[in-house]
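The chain contents come next:
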Amino acid sequence: MAGKLKLYYFDGRGKMESIRWLLAAAGVEFEEEFLETREQYEKLLQGGSLLFQQVPMVEIDGMKMVQSRAILSYIAAKYNLYGKDLKERALIDMYVGGTDDLMGFILMFPFLSAEDKEKQRAVIVQKATSRYFPAYEKVLKDRGQDFLVGNNFSWADVHLLEAILMVEEKKSDVLSGFPQLQAFKARISSIPTIKKFLEPGSQRKPVPDDKYVETVRRVLRMYYDIKAN
Amino acid sequence: MSGKPKLYYFNARGRMESIRWLLAAAGVEFEECFLETKDDLTKLRKDGSLLFQQVPMVEIDGMKMVQSRAIGNYIAMKYNLYGKDLKERALIDMYVEAVIDLNELLMTHPFQPADKKEQHFATIVDKATNRYFPVYEKVLKDHGQDFLVGNQFSRADVQLLETLLMAEECKPDILAKFPLLQSFKARISNIPTVKKFLQPGSQRKPPLQEKDVPKLMKIFH
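Under the annotation held in an unreviewed UniProt entry, chain B carries the name glutathione transferase and is attributed to Eudyptes chrysocome. What the UniProt record of chain B gives under Sequence similarities (unreviewed entry) is the line "Belongs to the GST superfamily. Alpha family."

With an unreviewed UniProt entry as reference, chain A is termed glutathione transferase, source organism Eudyptes chrysocome. Turning to chain A, the UniProt annotation filed under Sequence similarities (unreviewed entry) states: "Belongs to the GST superfamily. Alpha family."

This next bit is on the overall build of chain B. Tallying secondary structure elements over chain B gives nine helices and four strands in all. Listing each helix as α and each strand as β along chain B from the N terminus yields β-α-β-α-β-β-α-α-α-α-α-α-α. Taking 221 residues into account, the globule formula puts the C-alpha radius of gyration at 17 Å, and chain B, at 18 Å, falls close to it. Across the 221 residues in chain B, those meeting the buried criterion constitute 48%.

A few words on the pairing of strand β4 (residues 63–66) of chain A. Note on strand geometry: in a regular strand, side chains alternate between the two faces of the sheet. Examined bridge by bridge, strand β3 (residues 57–60) of chain A and β4(A) share four bridges and lie antiparallel to one another. Within β4(A), the residue paired with A:Met57 across the bridge is A:Val66.

Attention now moves to the interface of chain B and chain A. Taken together, the contact pairs 33 residues of chain B with 31 residues of chain A. With both sides pooled, the region where chain B packs onto chain A buries about 2800 Å², and carbon together with sulfur makes up 65% of that total. When the buried area of chain B at its contact with chain A is split by residue, B:Phe52, B:Met94 and B:Arg131 rank highest and sum to 23% of it. Our count for the chain B to chain A interface comes out at zero salt bridges. Applying the counting criterion to the chain B and chain A interface returns eight residue pairs in polar contact (both at pLDDT 80 or more). Looking at the side of chain B that touches chain A, the elements with two or more residues in it are β4 (63–66), α3 (68–78), α4 (86–108) and α5 (117–143) of chain B.

Attention now moves to the UniProt feature "domain: GST C-terminal" (unreviewed entry) in chain A. With numbering aligned to this structure, UniProt lists the feature "domain: GST C-terminal" (unreviewed entry) at residues 85–209 of chain A. Summarising residues 85–209 of chain A: 69% helix, 0% strand, and an end-to-end C-alpha distance of 41 Å.

What follows covers the packing of aromatic side chains. Both the distance between ring centres and the angle between the ring planes are used here to describe each pair of aromatic rings. For the structure on display, the rule yields 17 aromatic pairs over all chains. With a centroid separation of 4.7 Å and an interplanar angle of 55°, the aromatic rings of B:Tyr9 and B:Phe10 are classed as tilted. For B:Tyr9, a relative accessible area of 8% gives the class buried. Among the aromatic residues, those joined into a cluster by ring pairs are A:Tyr9, A:Phe10, A:Phe111 and A:Tyr212. The side chain of A:Lys170 reaches across the aromatic face of A:Phe109, ending 4.3 Å from its centre. The ring of B:Tyr82 carries B:Arg155 above its face, with NZ or CZ at 5.4 Å from the centroid.

Looking now at the nonpolar core. Judged by nonpolar contacts, the single largest core of 158 residues is most densely connected at A:Phe133, A:Leu148, B:Phe133, B:Tyr136 and B:Leu148. Here this core takes ten residues from helix α6 (residues 155–170) of chain A, the largest share from any one element. If sequence neighbours within four positions are ignored, A:Leu148 has contacts with A:Tyr95, A:Tyr136, A:Val139, A:Leu140, A:Arg143, A:Ala156, A:Asp157, A:Leu160 and A:Phe184.

Next up on the list: the UniProt feature "domain: GST N-terminal" (unreviewed entry) in chain B. Here the UniProt feature "domain: GST N-terminal" (unreviewed entry) sits at residues 3–83 of chain B. In residues 3–83 of chain B, the share of helix is 36% and the share of strand is 20%. The end C-alpha atoms are 25 Å apart.

Calculation notes
The residue numbers shown here count from 1 along each chain, following its written sequence. Going through the entries in the order they are written, you letter the chains from A and number the ligands from 1. In keeping with the model being predicted, local features are shown solely for residues with a pLDDT of at least 70 and side-chain atom pairs are shown and tallied solely at 80 or more, while totals for entire chains, interfaces and linings include all residues. Hydrogen atoms and water are omitted, and side-chain values are computed over all heavy atoms in the structure. UniProt positions are given in the numbering used here, feature names are shortened, and annotations may be inferred rather than shown by experiment. Per the convention used, a helix needs a DSSP run of H or I reaching at least four residues, while a strand needs a run of E reaching at least two, with both numbered from the N terminus. Note on method: radius of gyration uses C-alpha positions; expected globular size equals 2.2 Å times residues raised to 0.38. Only protein chains enter the accessibility calculation, which uses a 1.4 Å probe; a residue whose area is less than 20% of its type maximum is buried, one above 50% is exposed, and one in between is partly exposed. A strand pair is defined by DSSP finding two or more bridges across the two strands. We call two residues in contact when some of their heavy atoms are within 4.5 Å. By convention, the term buried area covers the 1.4 Å-probe accessible surface removed from two parts as they join, with the contributions of both added. Whenever Lys or Arg places a side-chain nitrogen within 4 Å of a carboxyl oxygen from Asp or Glu, that contact is recorded as a salt bridge. Under the rule applied, a polar contact is a pair of N or O atoms within 3.5 Å (in protein, one hydrogen donor and one hydrogen acceptor; residues adjacent in sequence only if both atoms are side-chain atoms). Only Phe, Tyr and Trp rings take part, Trp by its six-membered ring, and two of them pair if their centres are within 6.5 Å. Stacked means planes under 30 degrees apart, edge-to-face means over 60, and tilted covers everything else. Working rule: Lys NZ or Arg CZ, within 6 Å of ring centre, within 35 degrees of ring normal, means a charge sits over the ring. The criterion is simple. A nonpolar core is a set of buried Ala, Val, Leu, Ile, Met, Phe, Trp, Tyr and Cys residues joined through side-chain atoms within 4.5 Å.

Structural data, given as structure tokens:
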């Protein structure tokens, strides 16, 4: 049991993708079990593996962890990506909170109607360029260092890179007003573990498609309409 | 700089209430600055106090902290309400995150349009009694201890009590099938710092009234 790290989720990004990023950044190998059928999900439920009946679930160090924030915090602390003291942790938590909110706008995107998708794309770009990116641009500019917190690679850097790439998928030139973020993106992408994760054949998942949406709806019996926030 | 943390938010529960609970449970005195108008929010944004242009914001230990989870984490760590090791922290995080999910449902109830309110209420009751409460009831049953994690008072106990009380405001008999949660509620409510917070005159905020919703919406729009 020890040493086996296994992720239970759909074969897609959703709330598990940030966890994949963090594990990959830390150079930690992991296995994945993909939910494809309702029966698989019910089996997990009946076996008591899902504390609040939800995925993501990660088997790690003898625990069946749920709640993506809890899982991410545990991994960050375990693999020294959570700063060196309480104050650095506070900064990391704040920065991750921001990128989490930003990625939250993108999380529901695949489930929206075509019309709502266009509206949401505009919302994502607007929030990114007027609220979130300026904050991180300023942090990098003020500090003049390679990383967001304490001049050490941390969870905050991984999460921000993930967010940047996701927003760029919605608008490819979205970083044009943000020179610090452009340099940050290049720099963090070159870190060997990250570089590896960005290469084809890694466990990084592609942009969600209709098949992903169908699978999620089928497994969770989530057939109602999702509205943008 | 005074030693007391200073909270910047509306005079309402919202996303600041869990932070008030945590500080109070830890026996930490705090000041509050209430945003009453859109101008108050604009002013804070303009002077660079809000990292992502949003409240809650808490001035604490020389930092202007934002993001309610970050603030909660910092307070919990600083005042030893976060377990004794990484594994206890993992449990606390799992329990707290789920409570946050349930709180989200409870918090958004007053803002539901009239034609969606009944359905929303049913969802709250369903999730509370079928998804969340059974888990905490079982945790308490399995280890037979007073507190959720590590036999020690922690943030998980504080946030669960807060949610139990809010759920009861929604439906007074919602704990009927959960005897251990009922005794948990009584037990944690009796802890001196918590008891004090539950008394009239404390900084605990009342439930949002329908009539106050328009005023709050105005600050945002």
